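# Secondary and tertiary structure notes
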There are 2 protein chains.
Amino acid sequence: MAPQTLSRLLSRPRVAVLVALALPLAGQAAEGMWTLDNLPRDALQAQYGFSPDQAWIDHAMQSSVRLAGGCSGSFVSPDGLVLTNAHCVVGCVQGLSSPQRDLQNAGFVADARGEELQCPAEELNVLRAITDVSARVAAAAEGKQGQAYVDARNAEKARIESECVGDAADTTRCDVVELYNGGQQHLYRYHRYSDVRLVFSPEYAVGFFGGDPDNFNFPRYNLDAALLRAYENGEPATVEHHFTLKPEGAQAGELVMVTGHPGRTQRQLTVAQLETVRDVSLINTLLWLAERRAMLGEYGRLDEEAARQAQSDLTFTDNSYKVYRGQLQALLDPQVFAAKRAEEARLREGVDAAPWREVEAAQATARQIAVPYMLLEQGRGFDSRLFSIARTLVRGADERTKPNDARLPEFQDAGQGRLRQTLLSTAPVYPAFETAKLTWSLTKLRELLGTDDPLVKSVLGNRSPAQVAKALVEGSTLADVAERERLWTGGAAAVAASDDPFIRLARAVDAPARAVRQRQESEVGAIESRAATQIAKVRFDKLGTTVYPDATFTLRLSYGDIAGWEENGRAITPFTTMAGVFARNTGAAPYALPQRWLDAQARIAGDTRFNFVSTNDIIGGNSGSPVIDRDARVVGLAFDGNIHSLGGSFWYDPTRNRTVSVHSGAIVEALKSVYGADTLVDELLRK
Amino acid sequence: MAPQTLSRLLSRPRVAVLVALALPLAGQAAEGMWTLDNLPRDALQAQYGFSPDQAWIDHAMQSSVRLAGGCSGSFVSPDGLVLTNAHCVVGCVQGLSSPQRDLQNAGFVADARGEELQCPAEELNVLRAITDVSARVAAAAEGKQGQAYVDARNAEKARIESECVGDAADTTRCDVVELYNGGQQHLYRYHRYSDVRLVFSPEYAVGFFGGDPDNFNFPRYNLDAALLRAYENGEPATVEHHFTLKPEGAQAGELVMVTGHPGRTQRQLTVAQLETVRDVSLINTLLWLAERRAMLGEYGRLDEEAARQAQSDLTFTDNSYKVYRGQLQALLDPQVFAAKRAEEARLREGVDAAPWREVEAAQATARQIAVPYMLLEQGRGFDSRLFSIARTLVRGADERTKPNDARLPEFQDAGQGRLRQTLLSTAPVYPAFETAKLTWSLTKLRELLGTDDPLVKSVLGNRSPAQVAKALVEGSTLADVAERERLWTGGAAAVAASDDPFIRLARAVDAPARAVRQRQESEVGAIESRAATQIAKVRFDKLGTTVYPDATFTLRLSYGDIAGWEENGRAITPFTTMAGVFARNTGAAPYALPQRWLDAQARIAGDTRFNFVSTNDIIGGNSGSPVIDRDARVVGLAFDGNIHSLGGSFWYDPTRNRTVSVHSGAIVEALKSVYGADTLVDELLRK
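Here is a short report on the structure shown in this document. (Residues numbered from 1 in each chain as written. Chains lettered and ligands numbered in written order. Predicted model: local features only at pLDDT ≥ 70, side-chain atom pairs only at ≥ 80, totals over all residues. Heavy atoms only, no water.)

### Looking at the overall build of chain A
The helix and strand tally for chain A stands at 24 helices and 22 strands. In terms of C-alpha radius of gyration, chain A reaches 24 Å, essentially the compact-globule figure of 26 Å for 687 residues. The dimensions of chain A, computed from C-alpha atoms along their principal axes, are 65 × 65 × 50 Å. A burial count over chain A gives 65% of its 687 residues as buried. Within chain A, residue pairs in contact and separated by at least 24 positions form 80% of the contacts whose partners lie at least 6 positions apart. By element, 51% of the accessible surface of chain A is carried by carbon and sulfur atoms, the whole surface being about 23,400 Å². (Helix = DSSP H or I, 4+ residues; strand = E, 2+ residues; numbered from the N terminus. Rg over C-alpha atoms; globule rule 2.2 N^0.38 Å. Buried < 20%, exposed > 50% of the residue type's maximum accessible area, 1.4 Å probe, protein only. Contact = heavy atoms within 4.5 Å. Areas by Shrake-Rupley, 256 points an atom, 1.4 Å probe, with all protein chains shown as cover.)

### Describing the side chain of A:Asp617
Residues and elements named next belong to chain A. Residue position: Asp-617 is located in the loop between strand E19 (609-614) and strand E20 (626-628). Taking relative accessible area as the criterion, Asp-617 reaches 1% and is therefore assigned buried. In terms of polar contacts, Asp-617 uses its side chain to reach the side chain of Arg-267, at 2.7 Å. For Asp-617, the contacting residues outside a window of four places in its chain are Ala-30, Glu-31, Gly-32, Met-33, Arg-267, Tyr-548, Ser-558, Tyr-652 and Asn-657. (Polar contact = N/O pair within 3.5 Å; in protein donor to acceptor, adjacent residues only side chain to side chain.)

### Description of the packing of aromatic side chains
Considering all chains together, one arrives at 32 aromatic pairs over all chains under this definition. Taken together, the ring pairs in this structure connect A:Phe582, A:Trp597 and A:Phe610 into an aromatic cluster. Across from the ring centre of A:Trp488, 3.6 Å away, lies the NZ or CZ of A:Arg400, which sits over that ring. One cation-aromatic arrangement involves B:Arg197 over B:Tyr231; the distance from NZ or CZ to the ring centre is 3.8 Å. (Phe/Tyr/Trp six-rings, centres within 6.5 Å; stacked < 30°, edge-to-face > 60°. Lys NZ or Arg CZ within 6 Å of the ring centre and 35° of its normal.)

### Here we look at the packing of helix H10 (residues 271-300) of chain B against helix H11 (residues 304-332) of chain B
What describes two packed helices is the angle between their axes and the distance between those same axes. All names here are of chain B. Between H10 and H11, the least distance of the axes is 8 Å, while the angle of their chain directions is 155 degrees. One way to sum up the angle between H10 and H11 is to call them roughly antiparallel. Like other packed secondary-structure pairs, H10 and H11 cross with a definite hand, here left-handed. Looking at side-chain class alone, the contact of H10 with H11 contains 18 nonpolar, 7 polar and 6 charged residues. (Axes fitted to C-alpha atoms, helices over the stretch in contact; angles between N-to-C directions. Parallel < 35°, antiparallel > 145°, perpendicular 65-115°, else oblique. Left-handed = near helix turned anticlockwise from the far one by under 90°. Nonpolar A, V, L, I, M, F, W, Y, C, P; charged D, E, K, R; others polar.)

### Details of the state of the cysteines
One pass over the structure, following the stated rule, counts 6 disulfides over all chains. Residue A:Cys92 pairs covalently with A:Cys119 via a disulfide, S to S 2.1 Å. Because the torsion about its S-S bond is -80 degrees, the bridge between A:Cys92 and A:Cys119 counts as left-handed. In this pair, A:Cys92 sits in helix H4 (residues 90-96) while A:Cys119 sits in the loop between strand E6 (117-118) and strand E7 (124-132), placing the two residues 27 residues apart along the sequence. Each member of the pair, A:Cys92 as well as A:Cys119, is classed as buried. The side chain of B:Cys164 participates in a disulfide bridge whose partner is B:Cys174; the two sulfur atoms lie 1.9 Å from each other. Measuring handedness by torsion sign, the sulfur bridge of B:Cys164 and B:Cys174 sits at about -60 degrees and is left-handed. Within this pair, whereas B:Cys164 is found in helix H7 (residues 146-165), its partner B:Cys174 is found in strand E8 (residues 172-179), the two being separated by 10 residues in sequence. By relative accessible area, which is 0% here, B:Cys174 ends up buried. Here the cysteine-cysteine linkages of chain A are recorded as 1-2, 3-4, 5-6, numbering only bonded cysteines and doing so in sequence order. (Disulfide = S-S within 2.5 Å.)

### Topic: the relation of the copies chain A and chain B
Note on the chain copies: they are related by a rotation about an axis and a translation along it. Between the two copies, chain A and chain B, the superposition gives an RMSD of 0.0 Å; the rotation angle is 180 degrees and the shift along the axis is 0.0 Å. The two molecules are tied by a two-fold rotation axis, judged by turn and shift. Among all residues of chain A, the minimum C-alpha distance to the rotation axis is found for A:Glu291, at 2.3 Å. Interface overlap between copies is the fraction of interface residues in one copy that are interface residues in the other; for chain A against chain B it reaches 100%, indicating a shared surface. (Least-squares fit on C-alpha atoms with pLDDT ≥ 70 in both.)

### Side note on the packing of helix H15 (residues 413-423) of chain A against helix H19 (residues 481-497) of chain A
H19(A) packs onto H15(A) with a crossing angle of 145 degrees between their chain directions and a minimal axis gap of 10 Å. Contact with H15(A), carried on its side by A:Gln416, A:Leu419, A:Arg420 and A:Leu423, involves A:Arg484, A:Glu485 and A:Trp488 of H19(A) and no other residues of that element.

### Structural notes on the interface of chain A and chain B
Of the residues lining the interface, 39 residues belong to chain A; the matching set on chain B comes to 39 residues. Between chain A and chain B, a total of about 3,200 Å² is buried, with carbon and sulfur atoms accounting for 55% of that surface. Looking at the side of chain A facing chain B, the largest losses of area belong to A:Leu287, A:Glu298 and A:Leu332, adding up to 16% of the total buried there. Counting across the interface, chain A meets chain B through 6 salt bridges. Of the charged contacts, one joins B:Glu291 and A:Arg293 as a salt bridge, the two residues approaching to 2.7 Å between their closest N and O atoms. One can count 10 residue pairs in polar contact (both at pLDDT 80 or more) joining chain A with chain B. Of all the elements in the fold, those that place two or more residues in the side of chain A that touches chain B are helix H9 (211-214), helix H10 (271-300), helix H11 (304-332) and helix H16 (431-449) of chain A. (Buried area = accessible area lost by both parts, 1.4 Å probe. Salt bridge = Lys/Arg side-chain N within 4 Å of Asp/Glu carboxyl O.)

### Describing the pattern of salt bridges
Residue and element names in this part refer to chain A. Following the criterion strictly, the structure yields 111 salt bridges over all chains and no others. The salt bridge partner of Arg-159 is Glu-156, with a shortest N-O separation of 2.7 Å. One end of the pair is Arg-159 and the other is Glu-156, both in helix H7 (residues 146-165) and 3 residues apart, which spans about a single turn. Residue class for Glu-156 comes out buried when judged on its relative accessible area of 9%. The network of salt bridges with common partners includes Glu-377, Arg-391, Arg-395, Asp-398, Glu-399, Lys-402, Glu-410, Asp-510, Arg-514, Arg-517 and Glu-521.

### Regarding unusual backbone geometry
In this model, A:Phe218 is joined to A:Pro219 through a cis peptide bond whose omega is 5 degrees. If you trace the backbone, A:Pro219 turns up in the loop between H9 and strand E11 (226-232). Residue B:Pro590 follows B:Ala589 across a cis peptide bond; omega there is 0 degrees. Inspection of the secondary structure puts B:Pro590 in the loop between helix H21 (578-584) and helix H22 (595-600). Residue B:Asn233 is not a glycine yet carries a positive backbone phi of 55 degrees. Checked against the element boundaries, B:Asn233 lands in the loop between strand E11 (226-232) and strand E12 (235-236). Look at B:Asn233 and you get exposed, because its relative accessible area is 79%. Of note, the phi angle at B:Asn568 is positive, near 50 degrees, even though the residue is not glycine.

### A word on helix H12 (residues 334-348) of chain A
All names here are of chain A. Between the first and last C-alpha of H12 there are 21 Å, a value that for 15 residues agrees with the 21 Å anticipated at 1.5 Å per step. By the burial criterion, the buried members of H12 are Val-336, Phe-337, Lys-340, Glu-343, Glu-344 and Leu-347. The buried residues of H12 occupy an angular sector of 120 degrees when projected down its axis, which confines them to one face. With respect to the buried face of H12, the exposed residues turned more than 90 degrees away are Pro-334 and Gln-335. As for H12, its buried residues are in contact with H10, H11, helix H13 (354-377) and helix H20 (501-543). You can read the cap of H12 off the contacts: a side-chain oxygen lies 2.8 Å from the backbone nitrogen of Gln-335, and it is on Asp-333. Positive backbone phi, approximately 75 degrees, marks Gly-350, located one or two places after H12. (Expected span 1.5 Å × (residues − 1). Arc of directions from axis to C-beta.)

Below is the structure:
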């Protein structure tokens, strides 16, 4: 699957403001994640003879969907049907499952609309308009520095977003997006759907066939596809724009485009920032993930129910591990780093070096606070859903007493719908699993901060991590949604009166966590952001405006064509077939097809194309993006990159970086021949 | 504990020949691990007014003991009593324990000699003589390259060792040691004790008080002390030389010396080699260890018995993790690397750069084969005792049909005693634990080599790692010592006839493992070794012979004095007291003193010094070394370094690198007041 956990783990809130202006290497066909208001028309015309008009662009924009949790999707019927990846609906499926009803492993198909199941916490966004608000944000921060600079920008952005949302918070979402990191601020206005229902999700065993070993590899055989439906007022939403499916797909060499929401790239970091990423962030994160995956894996060996509880955490941890391992590998490649150095040297030639020097100086602080930031502010020292609920309640109570524009961004009005939805999700909480994760992460907290650290002492006292975790989970009532609602609605007074152990823990952690966040923002983020603005100007001066901004989890189009690549002298062809998955089936997980597939084998046309690769430039967050042809018909569903795409965080390699997609024909064939979902097939193929 | 697992995990056999000539930074007091035939007499005299005579040196040499498994120790009575660390006898204690008799957590004191328990597999070595055989080894390899060079040297060394051992293999061990990596070969002749019995070992909770969080930290409160006894012909061995204990210890600022067996340092690697260590070896190893520690930790949460089974593996894994994390941190320090570059530049000035270039060119292969080498030849892909037994049987059968000088070094006559002892150890094998480790490591094997790798396919077939692991462990009879003995004695024919699943697995792995080892040796090791010889000559020319060789798990003396250091502006004083451990006791592991200690508190003189730090330059393998004063009296027992000592693999930092030791007085006080071991105390204090 594509690394959308990138954004899940690192970018909310970000460790550092890491986005800067793009400096594409010369002549790299297909490179770029382009905003829809600045498509590379010349390149598209020159390479593919394609010139999309405004109607085409509007149609593509309003047919594309963002899953607020970190994925992409698209409308594929006028009745609000959304095509996305199976791995993008794991949160919904897991939340709807219980020990008695395991939708994740059994799969789910709604035979009729009335059987579609509401996801406990899902939000869809559809982009309606982009407005340039750069001048307004710049004016607000004019002449300011450090924390004042951060605060002024945040406040102005909050005001802009509030004005945009107006009193339509239920159906409107507005985000000020920093493009070209400080080069431009654009206001993105979305239509927001908060009633989202599960229509179809395949068995985990075929949605993620090959599991972690095959993840980011190709040839590949995954039905990583799922269907959701947007509802409004209790009825399927009627949407003005949707893509239609083309089951014949596209041919090798044909132009294909991906419209989706890449989460984050770091292609324009300075060398000093890249060194911090390589030597600090990635190593700390990888070591943490390595332990976490083994902890979850071993927990899952207890019994089938434990395995079910741990499944989605484990899948995401394995996935993130592979993503970051690939990123580290790319940054450890001396050639990649040499190219980055050369690129920076060219940019710095003949201009004031101060911005680069300031960024470099800020790295000492970035390195120093990396571990406490990860443990306290990112919350990795308290790895449990109950802690994250408690933090939302404690901080939320605190922040909501402030005026909107003075709050931490994640508590501002623009995001409150989603925040509340996540907080009040009915997805079950599993006490033993919470205890295991918390025990482990409290051990890491003590290990990394030291036994004699004041916070560690106050959290553990005279007890072991296991004792503390057990007491917290057993003593808490936050697993109860009604109690969470009471505390959220009751606000500061209710939270202050609570002596729930998790609330007490979140209160104890809050001050040191906010302190390290403030150091990060004022001593690192503000400096990097200001410097990036100046570096952006240098880039514009030297390269003009025909560049794309680093990814920001906003709508982008990437173009390319269906093509394999060469691996150690061996040609990898771009298509696999459905017969191939039966050939690869061993009967043992993760290579065990579900019984329903084995039973259906005779009915499936074996030569139906299953997965394919193309040269589109995508990254985590793009999972679930439609792959469309020049007629805006869906020919595939992006769900992964190949192993070489992982370096795509830092640079695009046209010879080997590939997007991996489910073929449109395989989606139709599976729905028809395996799942007997004829009504859905009709809806998908209706013109 | 000191990082003796360094040698356990990496140096048998080595991934690369990484030892070269020493180039001490100027004026670093106390730096150096000196061979006993080349002590830094001038520095000792100048700094401490101490000039040891030959009798002193002989006495120190023959009173010092090597634990062949990777530790140090010393004779402390004429009746063969050996003082070492508790963490050095973990293998023995774990091997003697069972679900019914948990010596590791309960501790053990033999009330009388008849109650001393024979360790299942322990070997002690006492150095008797050092002979320079450089000329003979050089002559044998004259003019040879690649594999021929490796083979010729190995064969000549095997001949020298065989001649030295003669027909006294039971009591003699001879090793040709490469000092100054090719600069000199010295023959080390040891007296060998293979009947070793456990006399005293404290409860794990006090031997490793503070556990992983306090490991490599100071202030510290560990009774990391144990007593073994060497036996010969069924009776306690009578030894000619032993140290006597000085319970008063030594004072701050006083000269103290450590005589022990540091395992491996890498202070003289070229910059290209250090980059491989930093970017490949350490990262691969750390990620592996990170997962392994979490896997073991979670396994141990199953129940008390599972925790007991996993305890020593977990302790060693945590320890190694911390060691390598510290090493990586040191190599990621831009100042350390800049110093290494500057050092190399000075050395290369005005001389032929070919050796450095050849080493650099060989790194491409080193990097390429690092993962298969780790999985197949180091056996990490098959993490289980039964696999390691099967490999010894399969390879042993094969190698022992060859003449001694044509065998892989570890199967040559010199090491067969220890090899057989380890193979036939009666330490119990725990099927569920074996299955868990094997399941996990087979998953790593598949992850790192890929599902479609031919060996992975042949090992897993159509089964999952869990299924394969279960079938292997359930189907094997190798847990039975008699069966192992039958196969070892039966040799090639017996092993060929066996269809034990582990024997079949070891056979399947053997050819690819040997292939990657041969590439390592001929395409990396041989080149590095020849180049190092040339670089060594440059060093000798520029610096003379007043340098020490990198550590080689052979006897070294390091000198220094008792001194604290400054940490973030705070002075760390060099001593702790026994009262301190009661103050730090929380009652929750790893800060829970055993009941026996709580009961004894009133009897213990609280101001007895417990642990102390000194400036001695030590490294993993030094664990258990005596700390002696100028009168060769034991004032302490080295068991750890502080956190800054971990960079000691690459350089010595006189301002912060510290050895951590148990004070001699605390050993006596604990034996007397906690354990009531008056007879042992009398033996220790007898003049």
